[in-house]
Amino acid sequence: KYKDIPHQWIRAQFFKGMCYELSNSYAEAFTAFRSIIRRYPHMSPLRHLKLADIELRIGVIYQKVGMGEIAVKVWEDLVKKYPDSYSALFAKFLLGELTEEKFRNQIPQGGISSSVRPYIEYSVGFKFQMDGNLKEAESCYKRSIELSGGKDIVYQQAKKALEEIE
């Protein structure tokens, strides 16, 4: 029974953090998520809940409180540490969203790493498509395809989106 206690505690902390985040209590959410990382800094005892998931949520909280520069750093570190995780994929799309007009002032001075550029182009293309600017959307999707080199899921998404608007 004792080996189940860390699982229950981690699960409780994670969902506690999610509840706080959803109720806009970001300081409490941050504390709940960070407590998991402090207690299990190298590996989560839960197989389905990885540290990458927790770091993703921490980045989201930074973004929601207007600290986009720190969110970018958290997400870029996540992508470097856990490149094959679903959280890294989601972080790349979130980094792409930061290029939208309302977030441009939150991008750090050094810019965003080149491995994220295909996701940025895709996200901006999607925004143009939703706004009805199909010419700009097409241009962004083509750049996303070119930058991805056909090796990532963003290539498939951009190619599909391009087919839809042509």
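Keep in mind that this is a model prediction, so the values were computed, not measured.

Undergrad: Help me understand unusual backbone geometry in this model?
TA: Trans is the prevailing form of peptide bonds, just as negative phi is the prevailing case for residues other than glycine. With a phi close to 60°, Asn24 is a non-glycine residue in the positive phi region. Relative to the helices and strands, Asn24 resides in the loop between helix 1 (4-22) and helix 2 (26-39).

Undergrad: Help me understand the pattern of salt bridges, please; the structure alone is not making it clear to me.
TA: A side chain of one charge can pair with a side chain of the opposite charge when the charged atoms of the two come close. Applying the stated rule across the entire model yields five salt bridges. The salt bridge involving Lys81 is made with Glu55; its shortest N-O contact spans 3.0 Å. Here Lys81, found in helix 4 (residues 68-81), pairs with Glu55, found in helix 3 (residues 51-64); they are 26 residues apart in sequence, far enough to count as distant. Glu55 sits in the buried class, given a relative accessible area of 11%. Between Glu69 and Lys73 there is a salt bridge, with its nearest N and O atoms 3.8 Å apart. Of this pair, Glu69 and Lys73 are both found in helix 4, four residues apart, which corresponds to roughly one turn of the helix. On the accessibility criterion, Glu69 (39% relative accessible area) is partly exposed.

Undergrad: How should I be thinking about the packing of helix 5 (residues 86-97) against helix 6 (residues 117-130) in this particular structure?
TA: The packing of two helices is summarised by the inter-axis angle and the distance between the axes. Running from N to C, helix 5 and helix 6 cross one another at 60°; their axes reach a closest spacing of 7 Å. Relative to helix 6, the element helix 5 is oriented oblique. In the crossing of helix 5 with helix 6, the sense of the turn from one axis to the other is right-handed. In this structure, helix 5 uses Leu89, Lys92, Phe93, Leu95, Gly96 and Glu97 to contact helix 6, whose residues at the interface are Tyr119, Ile120, Tyr122 and Ser123. Looking at side-chain class alone, the contact of helix 5 with helix 6 contains six nonpolar, two polar and two charged residues.

Undergrad: What exactly am I supposed to notice about the nonpolar core here?
TA: Across soluble globular proteins, nonpolar side chains have a tendency to be buried as a group. Ranked by size, the top nonpolar core spans 42 residues in total, and within it Phe33, Ile54, Trp75, Tyr122 and Tyr141 carry the most contacts. Those elements that place two or more of their residues in this core are helix 1, helix 2, helix 3, helix 4, helix 5, helix 6, helix 7 (134-148) and helix 8 (153-165). Broken down by element, the residue count for this core peaks at eight residues, all from helix 3. Apart from the residues lying within four places of it in its own chain, the contact partners of Tyr122 are Phe93, Tyr141, Ser144, Val154, Gln157, Ala158 and Ala161.

Undergrad: Can you walk me through the packing of helix 3 against helix 4 in this structure?
TA: Put simply, helix 3 and helix 4 touch, their axes get as near as 7 Å, and they point 165° apart. On the basis of their axis angle, the class for helix 3 and helix 4 is roughly antiparallel. The element helix 3 and its partner helix 4 pack so that their crossing is left-handed. Counting all contacts with helix 3, which are made through Ala52, Glu55, Leu56, Gly59, Val60, Tyr62 and Gln63, the residues of helix 4 involved are Gly68, Ile70, Ala71, Val74, Trp75, Leu78 and Lys81. Residue composition of the contact of helix 3 with helix 4, grouped by class: nine nonpolar, three polar and two charged.

How each quantity is defined
Residues numbered from 1 in each chain as written. Predicted model: local features only at pLDDT ≥ 70, side-chain atom pairs only at ≥ 80, totals over all residues. Heavy atoms only, no water. Helix = DSSP H or I, 4+ residues; strand = E, 2+ residues; numbered from the N terminus. Salt bridge = Lys/Arg side-chain N within 4 Å of Asp/Glu carboxyl O. Buried < 20%, exposed > 50% of the residue type's maximum accessible area, 1.4 Å probe, protein only. Axes fitted to C-alpha atoms, helices over the stretch in contact; angles between N-to-C directions. Parallel < 35°, antiparallel > 145°, perpendicular 65-115°, else oblique. Left-handed = near helix turned anticlockwise from the far one by under 90°. Contact = heavy atoms within 4.5 Å. Nonpolar A, V, L, I, M, F, W, Y, C, P; charged D, E, K, R; others polar. Core = buried A, V, L, I, M, F, W, Y, C linked by side-chain atoms within 4.5 Å.

Interpretation note: all reported values are geometric properties and have no functional meaning in isolation.
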